[in-house]
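Chain by chain, the residues run as shown.
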Amino acid sequence: MSRLLWAEKYAPRKVSEVVENRKAAERVVEFILNWHPDRKPKALLLWGPAGVGKTASVYAAINELGYDLVEVNASDKRSLDEIRRTVGAASSLSSLVKGGKRVILVDEVDGISGSEDKGGISGLVEILKKTVYPVILVANDAWDPKLAPIRDFCELIRYNRIRSNVVASVLAKICEREGVEADPLVLKKIAENAKGDLRAAINDLQMVAEGRRSITMDDLGVLSLRDQEKSVFDTLKAIFYGKSAQGMIMAASSSDVDYELLMQWMCENTWQHMQHPKELADAYNALSRADVFLGRIRNRQHWGLLSYVFALMSAGVSLSRETSGGGAPKYQFPSWVKDMSAARARRNALGGIASKVGEKCHVSSKEAFLSYLPYIKFIIEANPEVGAKLVKWLGIEPEAIEFLVSKEAAEKVKKILS
Ligand SMILES: Nc1ncnc2c1ncn2[C@@H]1O[C@H](COP(=O)(O)OP(=O)(O)OP(=O)(O)O)[C@@H](O)[C@H]1O
Ligand SMILES: [Mg+2]
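Just so you know, these numbers come straight off a predicted model, no measurement behind them. (Residues numbered from 1 in each chain as written. Chains lettered and ligands numbered in written order. Predicted model: local features only at pLDDT ≥ 70, side-chain atom pairs only at ≥ 80, totals over all residues. Heavy atoms only, no water.)

### Things to note about the site of ligand 1
- For ligand 1, the set of nearby residues contains 21 residues, the closest of which are Ala7, Val19, Gly51, Lys54 and Ala56.
- Contacts to ligand 1 include Val52, whose backbone N or O atom sits 3.1 Å from an oxygen atom.
- Taking 630 Å² as the accessible area of ligand 1 by itself, protein coverage stands at 91%.
- Residue assignment for the shell around ligand 1 shows that the elements contributing at least two residues are helix H3 (54–65) and helix H10 (198–209).
- Tallied by class, residues from the shell around ligand 1 come to 13 nonpolar, 4 polar and 4 charged.
- Summarising the domain contributions, the shell around ligand 1 has at least three residues from each of domain 1 (6–158) and domain 2 (164–223). (Near = heavy atom within 4 Å. Polar contact = N/O pair within 3.5 Å; in protein donor to acceptor, adjacent residues only side chain to side chain. Areas by Shrake-Rupley, 256 points an atom, 1.4 Å probe, with all protein chains shown as cover. Helix = DSSP H or I, 4+ residues; strand = E, 2+ residues; numbered from the N terminus. Nonpolar A, V, L, I, M, F, W, Y, C, P; charged D, E, K, R; others polar. Domains from an automatic or database assignment.)

### Quick notes on the pairing of strand S4 (residues 135–139)
- A large share of S4 lies buried, amounting to 5 of its 5 residues.
- Side chains Val135, Leu137 and Ala139 project from S4 onto one buried face, and the interleaved Ile136 and Val138 project onto a second face that is buried too.
- Pairing of strand S1 (residues 43–47) with S4, which is carried by 5 bridges, proceeds in the parallel orientation. Looking at S4, one finds that Leu46 is bridged to Val138.
- Relative to S4, strand S3 (residues 102–107) runs parallel, the two sharing 3 bridges. Looking across to S4, one finds that Leu105 is bridged to Ile136. (Buried < 20%, exposed > 50% of the residue type's maximum accessible area, 1.4 Å probe, protein only. Pairing = 2+ DSSP bridges.)

### Some words on a nonpolar patch on the surface
- A cluster of nonpolar side chains, namely Tyr375, Phe378, Ile379 and Val386, defines an oily patch on the protein surface of about 430 Å² accessible area.
- When residues in the nonpolar patch are grouped by element, the largest group, 3 residues, is from helix H17 (residues 365–382). (Patch = residues over 30% accessible without salt bridge, like charges linked within 9 Å, V, L, I, M, F, W, Y side chains within 5 Å. Salt bridge = Lys/Arg side-chain N within 4 Å of Asp/Glu carboxyl O.)

### Focus on the pairing of S3
- Of all 6 residues making up S3, 5 are buried, and the element is well covered by its neighbours.
- In this sheet, S3 lies alongside strand S2 (residues 68–73) in parallel orientation, the contact comprising 6 bridges. Residue pairing across strands places Val72 opposite Val106, the latter belonging to S3.

### Overview of the packing of helix H13 (residues 259–269) against helix H15 (residues 306–318)
- Across the interface, H13 lies against H15 with an axial gap of 11 Å and an inter-helix angle of 25°. Compared by their axis directions, H13 and H15 come out roughly parallel. For the pair H13 and H15, the crossing hand works out as left-handed. Taken together, the residues of H15 that come into contact with H13 (itself represented by Tyr259, Leu262, Met263 and Met266) are Leu306, Phe310, Met313 and Val317.
- Of the residues in the contact of H13 with H15, the class split is 8 nonpolar, no polar and no charged. (Axes fitted to C-alpha atoms, helices over the stretch in contact; angles between N-to-C directions. Parallel < 35°, antiparallel > 145°, perpendicular 65-115°, else oblique. Left-handed = near helix turned anticlockwise from the far one by under 90°. Contact = heavy atoms within 4.5 Å.)

### Notes on the pattern of salt bridges
- Per the stated rule, a full pass over the model turns up 10 salt bridges.
- Here Glu178 ties to Lys9 by a salt bridge, and the two come within 2.6 Å at their closest N and O atoms. Placement of the pair is Glu178 in helix H8 (residues 164–178) and Lys9 in helix H1 (residues 6–9), with a sequence separation of 169 residues.
- Lys9 sits in the partly exposed class, given a relative accessible area of 34%.
- One salt bridge in this structure joins Glu381 and Lys377, with 3.2 Å as the shortest N-O distance. Taken together, the residues span about one helical turn, with Glu381 and Lys377 both in helix H17 at a distance of 4 residues.
- Lys377 gets classed as partly exposed once you look at its relative accessible area, which sits at 32%.
- Residues joined by salt bridges that share partners form a network here, namely Arg27, Glu30 and Glu155.

### Considering the sheet that holds strand S5 (residues 154–158)
- Pairing is parallel across the open sheet formed by 5 strands, whose spatial order is S2-S3-S4-S1-S5. If you trace the sheet from one side to the other, it starts and ends with S2 and S5, each paired once. In this sheet, neighbouring strand axes are inclined to one another by 25° on average, regardless of whether the strands run parallel or antiparallel.
- Helix-sheet contacts for helix H2 (residues 22–34) involve S1, S3, S4 and S5, and the interaxial angle to S1 is about 165°.

### As for the packing of aromatic side chains
- Across all of its chains, the model carries 4 aromatic pairs by this definition.
- Judged by centre distance (6.1 Å) and plane angle (40°), the ring pair of Phe233 and Tyr331 falls under tilted. Of this pair, Phe233 sits in helix H11 (residues 232–241) while Tyr331 sits in the loop between H15 and helix H16 (335–361), placing them 98 residues apart in sequence. Exposure class is identical for Phe233 and Tyr331. Each is buried.
- Ring geometry for Tyr259 versus Phe310: centroids 6.1 Å apart, planes at 85°, classification edge-to-face. Of the two residues, Tyr259 sits in helix H13 while Phe310 sits in helix H15, which places them 51 residues apart along the sequence. Residue Tyr259 shares its accessibility class with Phe310, and that shared class is buried.
- Three or more aromatic residues link up through ring pairs in this structure, and these residues are Phe233, Trp265 and Tyr331. (Phe/Tyr/Trp six-rings, centres within 6.5 Å; stacked < 30°, edge-to-face > 60°.)

Treat this as a map of the structure, not an account of what it does.
Here you go:
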C-alpha cells in the first residue's frame, strides 16, 4: 500500500497557489511566455534554500500554461547527452513547426559532482547556447563557483525561506482538507521548527496528523527529537529505497543521525519493508550482526569496526529483500524512546514520594528512597487500609503510588481515599 506524501498531494497546481515566493513563480511564467531563442536571458536560475517552492513553482507554471516539461538530471551525464541531442534535433525546425510548447528543467544543478564536473557544466553551457526551448535551472546556491560559466546565460531568481506564520497557515489548510482538527499552537510549533522549509513542515505534520481526527500539543512529543534527528526519515528512505549498496552505506554513515540511534530506528522499522519471512530473517540477522560489532566498539573502542556496522545496518538490511521498495511506511519511533520517558515518569514519581517521606521522617530523600520506600511499598500492598492512611499522612498524591506498588493495591488505596 503506497502512501502519498502530503507535500506532493498539496503541491501548488497553479502559480497563485505558491506562497511567499509567488513573485518569483510569476516571473517563471513570464519568462516562459516571452522566451525567444534570440533574446536574453536564455535561462532562469532559481536558487534558494530547500523546500521553499523552487521546483514546485516550475511545475505549477508548466501545468498552468499547458507546456511539456523535459527534466534533465544534471548529475547524470547520459541524461545530459541525451538532452544535447534532443535540443539539437529540435533546432531542425520540425518541432518548432509542431509548435512544441516545452520547457527544459535542470533541477539540482549544484548536484553535479565528481569527475564529470567539467563535462556536466560544459554540457549545460552547450545546451544553453543551442536551445530552442526555455531552460530553467535550479540550485541551492547560485554563487557556487563551479556554476560561474552558466551564470552568464541566466537571470537569477532568488527564493526565500517561508515565514513561519505563512507555513502555519498552509498547515492549517492541509488539516482542514484532511479533516484533522488541529490546535493552532501545534501548527505554530511545527512551523517554527521547520525554519522556513515548508516541505519539512508538511512532512512533520503528516507524521503527527495522518489518519487522526485531532492533534494537540501532546502529540508533538514525537517531534521533540526532531531538531537533532532532522534527517532520520531521509536516511531511512535512502537506505530502503536506495539503488546501490554503496549509496545505502553512504546514507547511513553520512547521516546526521547518530549511529546508535539510527540502529534503533532500523530495528524498529525494518519489518515494514519486508514481505517474506526469509527476507525478514535475513534483515534482522544483519541487524544482529551489526549489533555485535556495536558491542565490540562500545566495550573495546574498536572504532575501525564502525564501517561494518554501517554496511550491515544499511545495505545488509535493505538488500535482504528480493522485491524492492513497496509503499512508504509510517515509520515508528524507536520504542526505547517511549520506554525512556515512561522510566523518567516513574523516576519522577518515586522521587516525589521519597521527598515527602523525607520531610515527614526527617531524613534525606535519598535515605527515604533507599530505606523507607521498600517498607512503605510492603505495607500498602499487604494492607491497603493501613496503606491508605499512610499515604494520606505522608501527603502523597494517590496517582503517584501507582509507580510504587502493584496495580491492585494502588486501585484499592485510591478507592479508600476517595
Ligand atoms: N512556496 C511554496 N508554496 C506552496 N507550496 C510549497 C512552497 N514551497 C514548498 N512547498 C511545498 O513543499 C514541497 C516541496 O517544495 P519544492 O519541491 O518546490 O522545494 P524546493 O525549493 O525545490 O527544495 P529543494 O531545494 O530541496 O529541491 C512542495 O511540493 C509543496 O508541497
Ligand atoms: Mg527542488
